[in-house]
Amino acid sequence: MLRCSACGETHRESSLLWRCPCGAPLDWVNDRGGAPGDLSGRAMSVWRYREALPCGTQTPVTLGEGGTPLVPVDWDGAEILWKLDFLCPTGSYKDRGAAVLVNRLRELGVREIIEDSSGNAGAAMAAYSARAGIGCRIFVPDYTSAGKCVQIASYGAELVRVPGSREATTRAAEETALAENMYYASHNWSPYFAHGVKTLGYELWEALGRRAPDAVIVPAGQGSLVLGCDLAFSELLAMGAAAKLPRIYAVQAANCAPLFRAFETGSETPAAIEKRETIAEGISSALPVRGRQVLSAVRRSGGAFLTVAEDDVASNCFRLARAGFYVEPTSAVAGAAVTALLRTGALRCGECIVAVLTGTGLKATDKILHLAEAATSR
């Protein structure tokens, strides 16, 4: 069942609605229980938690997504557990959501989709659509990293570059889907995508001895990681399987921070901003469609939003690499955020702190090379 996040109206999944007629996002409601069964003997993937996911009885199409390492590193005097989701099959955490979204659409009979993305979600959707035999057209901003574009096209998806902003790309994809009567499989609007992402939270809970961490630090553009963590730990709390919600710290680029500004002013909706270019392209979203839900989740957790300046994104990209983590600039905001939160005392030594690394640097070699050249020229 699908329920509108604003008006509360319910719809059947077979309606293939991606947005409520009132204009608000739809949420998938698990009306069949949802508690994971006995996990012993199950493969370490997102499907380990099948009962909590929007899926039917079909054997899922999978690339082995999920089950990523959790690696401790001393960071400014505190032990930080780094969740290496850049090691998912297509190189980003978006595989979790894409796997669940594409499998559900396959079960519902969808055979051709349109999606828009800054790169990682497009690559994930292209890969899983190819695996599932679903036709796929991906719209990306023309500034998207070359590595991500090559990856999307290599999976056989039709790649459409759109001049201008990320928001212009979304408009082009929506208009094309409407004009050509194709299913708009937006990962941002999808009622299913965040439920795939929530498996990251289930994995943390299981890896930590069936308990929640004290704090989780995640990059946030549209906010699917915030929503995924909130879903996972809220469900575990409701089951009595966890004792608390972790504090969620959501990190935005200072050049594009509508959620941070709303959080600071106490607003329930994302702030209107004048967007500036950022090297953290994966979180360059001026209009988060689920922004109200993302803001509510962070507040409910007792966490906060914070921003990272461009120079700090760049320096932390290389600092993380020296720790063995070659990630794209978007992921590097997590490193800068951990430093800032330790400095202010929001994070404390001795707490169980998890930071999520979202995308591999192998997709952003052109951008990282530019950062390295700029650093050596100073």
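Higher on the page you've got the structure.
In this report, the structure presented in the accompanying data block is examined. Note that the structure is a prediction, hence the values are computed from the model and not measured. (Residues numbered from 1 in each chain as written. Predicted model: local features only at pLDDT ≥ 70, side-chain atom pairs only at ≥ 80, totals over all residues. Heavy atoms only, no water.)

1. Observations regarding the packing of helix α10 (residues 310-322) against helix α11 (residues 329-344)
What counts, and what does not: The angle between two axes is taken between their N-to-C directions and runs from 0 to 180 degrees, where each axis is a line fitted to C-alpha atoms and a helix contributes only its stretch in contact. Segments assigned H or I by DSSP are reported as helices when at least four residues long, segments assigned E as strands when at least two residues long, and all are numbered from the N terminus. Just so you know how the angles are binned, under 35 degrees is roughly parallel, over 145 roughly antiparallel, 65 to 115 roughly perpendicular, and the rest oblique. In this description, contact between two residues means that some pair of their heavy atoms is separated by no more than 4.5 Å. Each residue gets one of three labels, nonpolar for Ala, Val, Leu, Ile, Met, Phe, Trp, Tyr, Cys and Pro, charged for Asp, Glu, Lys and Arg, and polar for the others, Gly among them.
Contact geometry of α10 with α11 gives a least axis separation of 7 Å together with a crossing angle of 95°. In terms of orientation, α10 and α11 fall into the roughly perpendicular class. Residue-level contacts link D312, V313, N316, C317, R319 and L320 of α10 to P329, S331, A332, V333, G335, A336 and T339 of α11. Split by residue class, the contact of α10 with α11 holds seven nonpolar, four polar and two charged.

2. Overview of the nonpolar core
The condition that has to hold: In this text, buried Ala, Val, Leu, Ile, Met, Phe, Trp, Tyr and Cys residues form a nonpolar core when linked through side-chain atoms within 4.5 Å. Here's how the labels work: a residue is buried when its accessible area is under 20% of the maximum for its type, exposed when over 50%, partly exposed in between, all with a 1.4 Å probe on protein chains only.
Among the nonpolar cores identified, the biggest contains 120 residues, and W82, I113, I217, V226, F325 and L357 are the most heavily contacted of them. At eight residues, α11 tops the list of elements feeding residues into this core. Apart from residues lying up to four places away in sequence, V226 is in contact with V218, A220, I248, A250, V294, A297 and V298.

3. Observations regarding the packing of aromatic side chains
Quick note on the threshold: Here the aromatic set is Phe, Tyr and Trp, taking the six-membered ring for Trp, and pairing holds for ring centres within 6.5 Å; pairs whose planes are under 30 degrees apart are stacked, those over 60 apart are edge-to-face, and all others are tilted. In this scheme, the term charge over a ring applies when either NZ of a lysine or CZ of an arginine sits within 6 Å of the ring centre and within 35 degrees of the ring normal.
Counted according to the given criterion, the structure contains seven aromatic pairs. Here the aromatic rings of Y202 and W205 are separated by 6.5 Å at their centres, their planes lie at 85°, and the arrangement is edge-to-face. Here the residue Y202 and the residue W205 both occupy positions in helix α6 (residues 199-207), the gap between them amounting to three residues, near one helical turn. When sorted by exposure, Y202 lands in the same class as W205, which is buried. An aromatic cluster is defined as three or more aromatic residues linked by ring pairs; in this entry it consists of W18, Y184 and W189. If you follow R19 out to its NZ or CZ, it ends over the ring of W189, 5.0 Å from the centre.

4. Looking at the pairing of strand β11 (residues 247-253)
This is how the line gets drawn: Two strands pair if DSSP finds at least two bridges between them. Note on handedness: a crossover is taken as right-handed if, strands pointing away from the viewer, the path from the first strand over the helix to the second is clockwise.
Of all seven residues that make up β11, seven are buried, and the element is covered over most of its length. Here β11 shows a buried face lined by R247, Y249, V251 and A253 and a second buried face lined by I248, A250 and Q252. Pairing geometry for strand β10 (residues 215-219) and β11, over five bridges, is parallel. Bridging from a neighbouring strand, P219 pairs with V251 of β11. At this point the chain moves from β10, through helix α7 (residues 224-239), to the parallel β11, and the crossover so formed is right-handed. The pairing of β11 with strand β12 (residues 304-308) spans five bridges and is classified as parallel. Among the inter-strand pairings, Y249 is bridged to a residue of β12, identified as A304.

5. Re the pattern of salt bridges
Put simply, the test is: Any Lys or Arg side-chain nitrogen located within 4 Å of an Asp or Glu carboxyl oxygen qualifies as a salt bridge.
Scanning all chains against the criterion turns up 22 salt bridges. The shortest N-O distance in the salt bridge between E351 and R247 comes to 3.0 Å. Taken together, the positions of E351 in the loop between α11 and β13 (353-357) and R247 in strand β11 put the pair 104 residues apart, joining distant regions of the chain. Each member of the pair, E351 as well as R247, carries the same accessibility label: buried. Salt bridges sharing common partners tie together K83, D85, R96 and E203.

6. What to know about the side chain of E281
Worth spelling out the cut-off: By the criterion applied in these results, polar contacts are pairs of N or O atoms within 3.5 Å in which, for protein atoms, one can donate a hydrogen and the other can accept it, and in which residues neighboring in sequence qualify only through two side-chain atoms.
One can find E281 in the loop between α8 (258-265) and α9 (291-301). Exposure remark for E281: the relative accessible area of 4% places this residue in the buried category. Here the side chain of E281 touches S145 through a polar contact of 2.9 Å, side chain to side chain. Look past the residues within four positions of E281 in its chain and what remains in contact with it is S118, Y143, T144, S145, K148, T330 and K367.

7. Focus: the sheet that holds β11
On the basis of which strands lie adjacent, the open sheet formed by six strands has the order β4-β5-β13-β10-β11-β12 and mixed pairing. The open sheet terminates on both sides in strands that have one partner only, identified here as β4 (70-75) and β12. When the angles between neighbouring strand axes are averaged without regard to direction, this sheet yields 30°. Its contacts with the sheet place α6 against β4, β5 (78-84), β10 and β13, and it is angled at close to 135° to β5.

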